[in-house]
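A closer look at the structure
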Amino acid sequence: LVGRLPPVDLLIIEGNKPSPHPKIEIWRAPNGKDFIHPKDPTIRAIAADEALTGLPIPRVDLNDAKAVAEVILAEAKPLTEIFG
């Protein structure tokens, strides 16, 4: 589907975990789930609802839209670089 899109300035994909695009992992403490990032090198940052320390990748506050946007823009790449 990505290849069929008209040109865009930025494409944000929700879900589609197996795809090779850069990702932000959303992590909420109350869900009690393990992190995905140790097994997925395409995860570039974690947006979490609580402070986390000792992470090998950046962590931003899930409720800080500006910080999340900065991570997205820092990781933005041409679609052809990601999907060929």
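Note that the coordinates shown come from a computational prediction; the quantities given were computed from them, not determined experimentally.

**Some words on the overall build of the protein chain**
A tally of helices and strands in the protein chain yields two helices and three strands. Seen through its principal axes, the protein chain has C-alpha atoms that stretch 40 × 25 × 20 Å. Counting the 84 residues in the protein chain, one finds 26% classified as buried. Expressed as a percentage of contacts within the protein chain between residues at least 6 apart in sequence, the contacts between residues at least 24 apart total 22%. Here the protein chain has roughly 6,100 Å² of accessible surface; of this, 56% comes from carbon and sulfur atoms.

**Side note on the pattern of salt bridges**
Tallied over the entire structure, the rule returns one salt bridge. Residue Arg-44 pairs with Glu-75 through a salt bridge whose shortest N-O separation is 3.1 Å. Here Arg-44 is found in strand 2 (residues 43-48), whereas its partner Glu-75 is found in helix 1 (residues 65-75), with 31 residues between them in sequence.

**A look at the packing of aromatic side chains**
Within this structure, the stated rule accounts for one aromatic pair. With 4.8 Å between their ring centres and 20° between their planes, Trp-27 and Phe-35 make a pair best called stacked. On the basis of relative accessibility, which here comes to 12%, the residue Trp-27 falls in the buried class.

**Concerning a nonpolar patch on the surface**
A contiguous nonpolar patch, built from Leu-5, Val-8 and Leu-11 and spanning about 210 Å² of accessible area, is present on the exposed surface. Its location among the elements puts Leu-11 in the segment before strand 1 (23-27). You can call Leu-11 partly exposed: its relative accessible area is 30%.

**Considerations on the nonpolar core**
Counting seven residues, the largest nonpolar core consists of Ala-45, Ala-47, Val-60, Leu-62, Ala-67, Val-68 and Val-71. When residues of this core are traced back to their parent elements, those giving at least two are strand 2 and helix 1. Here this core takes three residues from helix 1, the largest share from any one element. In terms of nonpolar packing, the next biggest core, distinct from the first, is built from six residues, Trp-27, Ile-46, Ala-48 and Leu-52 among them.

Thresholds, definitions, all that
- Residues numbered from 1 in each chain as written.
- Predicted model: local features only at pLDDT ≥ 70, side-chain atom pairs only at ≥ 80, totals over all residues.
- Heavy atoms only, no water.
- Helix = DSSP H or I, 4+ residues; strand = E, 2+ residues; numbered from the N terminus.
- Buried < 20%, exposed > 50% of the residue type's maximum accessible area, 1.4 Å probe, protein only.
- Contact = heavy atoms within 4.5 Å.
- Areas by Shrake-Rupley, 256 points an atom, 1.4 Å probe, with all protein chains shown as cover.
- Salt bridge = Lys/Arg side-chain N within 4 Å of Asp/Glu carboxyl O.
- Phe/Tyr/Trp six-rings, centres within 6.5 Å; stacked < 30°, edge-to-face > 60°.
- Patch = residues over 30% accessible without salt bridge, like charges linked within 9 Å, V, L, I, M, F, W, Y side chains within 5 Å.
- Core = buried A, V, L, I, M, F, W, Y, C linked by side-chain atoms within 4.5 Å.

The values reported here are purely geometric and, on their own, carry no functional implication.
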